[in-house]
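# Results of the structural survey
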Amino acid sequence: MIKIKYKVLFILAIILTFSLQSINVFSLANNGIGLTGEYYDNMDFTNLRAIRTDPIVNFNWLLGSPHLLISSDTFSVQWTGQVEPKYSETYTFYTASDDGVRLWVNNQLIIDDWTDHASTENSGSVTLTAGQKYDIKLEYYENGGLADVKLLWSSNKHIKEIIPELSLYPDT
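What comes next is a walk through the structure. Numbers given to residues run from 1 along each chain, matching the order in which its sequence is written. In keeping with the model being predicted, local features are shown solely for residues with a pLDDT of at least 70 and side-chain atom pairs are shown and tallied solely at 80 or more, while totals for entire chains, interfaces and linings include all residues. Side-chain measures were taken over the full set of non-hydrogen atoms in the model, leaving aside hydrogen atoms and water.

When its secondary structure is counted, the protein chain shows two helices and twelve strands. The helix count covers DSSP runs of H or I at least four residues long, the strand count covers runs of E at least two residues long, and both are numbered beginning at the N terminus. When the helices and strands of the protein chain are placed in sequence order, the string is α-α-β-β-β-β-β-β-β-β-β-β-β-β. Counting only contacts in the protein chain whose residues sit at least 6 apart along the sequence, the fraction spanning at least 24 positions is 70%. The protein chains shown are the only cover counted for residues, whose accessible areas, like all others here, come from Shrake-Rupley with a 1.4 Å probe. Within the structure as shown, the protein chain displays about 9,300 Å² of accessible surface, and the carbon and sulfur contribution to it stands at 57%. In what follows, residue pairs with any heavy atoms lying within 4.5 Å of each other are defined as contacts.

Here it is as structure tokens:
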């Protein structure tokens, strides 16, 4: 009876070892906490009022303000840091915003819709290597009415989603 228990425990240990080896290394390696957000009480990135780390960029302020020290209209935000992809392939980045938005990935301007507009989705693509961190900068301004901004991505192996916190790293 004791020999059978040890054999069962041995088999379970082998199964557990192989199971742990098959865990996605990405989920263990990525430890992002978001992007650095600089919040300005003006549309032209002047009058800095707040700096914080935002885990994701998925905001809908409606007619409100992103911060107590910022008016509900004519403000701007700049998010900076790094993004780390899961796969080596071409990624499509998406922004959804009301109003203007610009996005740089690896110092390449891939989205440029610096105009007043209702909520609009824009996209741009860039080839990235898995596990490598790339500089990312998202600029946004609000010029009246509703205010929203989102940052998403997709690839052949990756569904379209808000870029998760674990893939975003703030400026150091």
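Picking up where we left off.
Any carboxyl oxygen of Asp or Glu within 4 Å of a side-chain nitrogen of Lys or Arg constitutes a salt bridge here. Per the stated rule, a full pass over the model turns up four salt bridges. Salt-bridge contacts for Lys160 lead to Glu121; the nearest nitrogen and oxygen are separated by 2.9 Å. Of this pair, Lys160 sits in strand S11 (residues 158–162) while Glu121 is found in strand S8 (residues 120–128), placing the two residues 39 residues apart along the sequence. Residue burial is assigned from relative accessible area. The probe radius is 1.4 Å, only protein chains are included, and a residue is buried under 20% of its type maximum, exposed over 50%, and partly exposed in between. Taking relative accessible area as the criterion, Glu121 reaches 45% and is therefore assigned partly exposed. For the salt bridge of Glu139 with Lys137, the shortest nitrogen-to-oxygen distance reads 3.9 Å. Each of Arg102, Lys137 and Glu139 takes part in one network of salt bridges that share partners.

To continue, consider the side chain of Ser76. Here Ser76 is to be found in strand S4 (residues 75–83). On the basis of relative accessibility, which here comes to 0%, the residue Ser76 falls in the buried class. The definition of a polar contact used here is a pair of N or O atoms within 3.5 Å, where within protein one atom must be able to donate a hydrogen and the other to accept one, and adjacent residues in sequence count solely through side-chain atom pairs. Within the local environment of Ser76, its side chain forms a polar contact with the backbone oxygen of Asn42, the two atoms lying 2.6 Å apart.

For the rest of this paragraph, the subject is a nonpolar patch on the surface. Side chains of Leu62, Leu63 and Leu146 sit close together on the surface and give an oily, nonpolar patch of about 310 Å² of accessible area. Along the chain, the position of Leu63 falls in the loop between strand S3 (58–62) and S4. Given a relative accessible area of 60%, Leu63 falls into the exposed group. Here a patch means residues that are over 30% exposed by relative accessible area and free of salt bridges, tied together within 9 Å if like-charged and within 5 Å if nonpolar (Val, Leu, Ile, Met, Phe, Trp, Tyr).

As a further point, take the pairing of S4. Of all nine residues in S4, eight are buried; the element is thus mostly enclosed. The pairing of strand S1 (residues 35–40) with S4 spans five bridges and is antiparallel. Counted as the bridge partner of Tyr39 is Val77 from S4. Criterion used throughout: strands pair if DSSP finds at least two bridges between them. Relative to strand S9 (residues 134–142), S4 is paired through nine bridges, and the arrangement is antiparallel. Paired with Phe75 across the two strands is Glu142, which belongs to S9. As paired elements, S4 and strand S12 (residues 168–170) share three bridges and run antiparallel to each other. Within the sheet, the bridge partner assigned to Val83 lies in S12 and is Leu168.

By themselves, these are just geometric observations and shouldn't be taken as functional.
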